[in-house]
Amino acid sequence: MENVTLQNSINPNDIKQYFKNGVSYDQYRKEMESGLESNQNDDMRNYIELNQHRMNRLDKKLALSQEMIQSINSLKEKIYWVVLTEHWCGDAAQILPVLAKIAEQSEGKIELKLLYRDENLGLMDNFLTNGGRAIPKLIQLNDKLEIKKHWGPRPKTAQELVIFLKSNPESAVTYSEQLHKWYAKNNQLDIQKEVATLLQF
């Protein structure tokens, strides 16, 4: 993506270790629950609890588009996804359930692992967005665990909306609310469309 710069080359052995250290989506959800119970920061607890509700809703109701299913079915080789994320991230709550559903639909063609950004800054700093550590960040690897593509932190239209809202002091205060209204209205279709393109080697 044009607004993402690869800062440094990554040792192939390092990326293999990052993938090995990642957790599954189910494990991530369990750790999210336990993290919520132990977190002493009220603001952070509120963010995580809200994100849980978002993810629960999407896990239950999300349906993949025909375009997305066709892209999955057309995969010729196994691919691996490493996603940098954090429990408090609102965009991640909207995007991770989609990625998990895609990986599940692939029946083993896509293997998904999640990494906590703040514990893996060495990897994160290779995938900065406009100089910042924006998440979620999806890193796509081939069957040899070589980095081939990356995507994130949000769909292009959503990113443009955020930039526009933050440019105005009045709308900057409530940009997050407007962003999540966009996600709800879009019904995760732009995420699927862009990820479908990502799968096309």
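Up top you'll find the structure we're talking about.
Residues numbered from 1 in each chain as written. Predicted model: local features only at pLDDT ≥ 70, side-chain atom pairs only at ≥ 80, totals over all residues. Heavy atoms only, no water.

Enquirer: Hey, could you run me through the pattern of salt bridges in this one?
Expert: Opposite charge on two side chains lets them pair, provided their charged atoms get close. For the structure on display, the rule yields 7 salt bridges. Of the charged contacts, one joins Arg-154 and Asp-91 as a salt bridge, the two residues approaching to 2.7 Å between their closest N and O atoms. Taken together, the residues Arg-154 in the loop between strand E6 (147-151) and helix H7 (156-166) and Asp-91 in helix H5 (residues 90-105) connect sequence positions 63 residues apart. The pair Arg-154 / Asp-91 is uniform in exposure class, with both members buried. Across the pair Lys-181 and Glu-177 runs a salt bridge, and its minimum N-O distance is 3.5 Å. With Lys-181 and Glu-177 both in helix H9 (residues 175-186), this residue pair falls 4 residues apart, about one helical turn. Look at Lys-181 and you get partly exposed, because its relative accessible area is 46%. You can call Glu-177 partly exposed: its relative accessible area is 46%. (Salt bridge = Lys/Arg side-chain N within 4 Å of Asp/Glu carboxyl O. Helix = DSSP H or I, 4+ residues; strand = E, 2+ residues; numbered from the N terminus. Buried < 20%, exposed > 50% of the residue type's maximum accessible area, 1.4 Å probe, protein only.)

Enquirer: So what exactly am I meant to see when it comes to the side chain of Gln-52 here?
Expert: Looking at the element boundaries, Gln-52 is found in helix H3 (residues 42-61). On the accessibility criterion, Gln-52 (9% relative accessible area) is buried.

Enquirer: Is there a simple way to think about the layout of surface pockets in this case?
Expert: Gaps left between atoms show up when a probe the size of a water molecule is rolled over them. Each pocket or cavity is described by its volume, and for the largest pocket that value is around 500 Å³. Lining the largest pocket are 24 residues, and of these Gly-90, Asp-91, Arg-154, Tyr-175 and Leu-179 lie nearest its centre. Going through the elements one at a time, H3, H5, H7 and H9 are the ones with two or more residues in the lining of the largest pocket. Classifying every residue of the lining of the largest pocket gives 11 nonpolar, 7 polar and 6 charged. (1 Å grid on protein atoms, 1.4 Å probe; cavity = no way out; pocket = protein on both sides within 12 Å on 5 of 7 lines; lining within 4 Å. Points joined across faces, edges and corners; volume = space filled by probe spheres on them. Nonpolar A, V, L, I, M, F, W, Y, C, P; charged D, E, K, R; others polar.)

Enquirer: Honestly, unusual backbone geometry in this entry has me stumped. Any pointers?
Expert: Across the chain, the bulk of peptide bonds are trans and the bulk of non-glycine residues have phi less than zero. Here the residue pair Ile-135 and Pro-136 is connected by a cis peptide bond, since its omega of 5 degrees sits within 30 degrees of zero. With respect to the helices and strands, the residue Pro-136 is situated in the loop between strand E4 (127-129) and strand E5 (137-141). The residue after Gly-152, namely Pro-153, is reached through a cis peptide bond having omega 10 degrees. A positive phi angle, near 50 degrees, is found at Asn-130, a position not held by glycine. One can find Asn-130 in the loop between E4 and E5. Positive phi is not limited to glycine here, since Leu-145 has a value of about 60 degrees. For Leu-145, the location among the structural elements is in the loop between E5 and E6.

Enquirer: Honestly, the packing of H5 against H9 in this entry has me stumped. Any pointers?
Expert: Helix packing for two helices is described by the angle between their axes and how far apart those axes are. For the pair H5 and H9, the least separation of the axes is 10 Å and the interaxial angle reads 15 degrees. With respect to H9, the element H5 is oriented roughly parallel. Along this stretch, H5 crosses H9, giving a crossing that reads as left-handed. Listed contacts from H9 to Gly-90, Asp-91, Gln-94 and Ile-95 of H5 are Leu-179, His-180 and Tyr-183. (Axes fitted to C-alpha atoms, helices over the stretch in contact; angles between N-to-C directions. Parallel < 35°, antiparallel > 145°, perpendicular 65-115°, else oblique. Left-handed = near helix turned anticlockwise from the far one by under 90°. Contact = heavy atoms within 4.5 Å.)

Enquirer: How should helix H2 (residues 25-38) be read in this particular structure?
Expert: Note on helix geometry: an α-helix contains 3.6 residues per turn, so any two residues three or four positions apart are oriented the same way. The end-to-end C-alpha distance of H2, which contains 14 residues, comes to 20 Å, matching closely the 20 Å that a straight helix rising 1.5 Å per residue would cover. Buried within H2 we find Tyr-25, Tyr-28, Arg-29, Met-32 and Leu-36. The arc that holds every buried residue of H2, seen down its axis, measures 100 degrees, which confines them to one face. Set apart from the buried face of H2 by more than 90 degrees, the exposed residues are Asp-26, Lys-30, Glu-37 and Ser-38. (Expected span 1.5 Å × (residues − 1). Arc of directions from axis to C-beta.)

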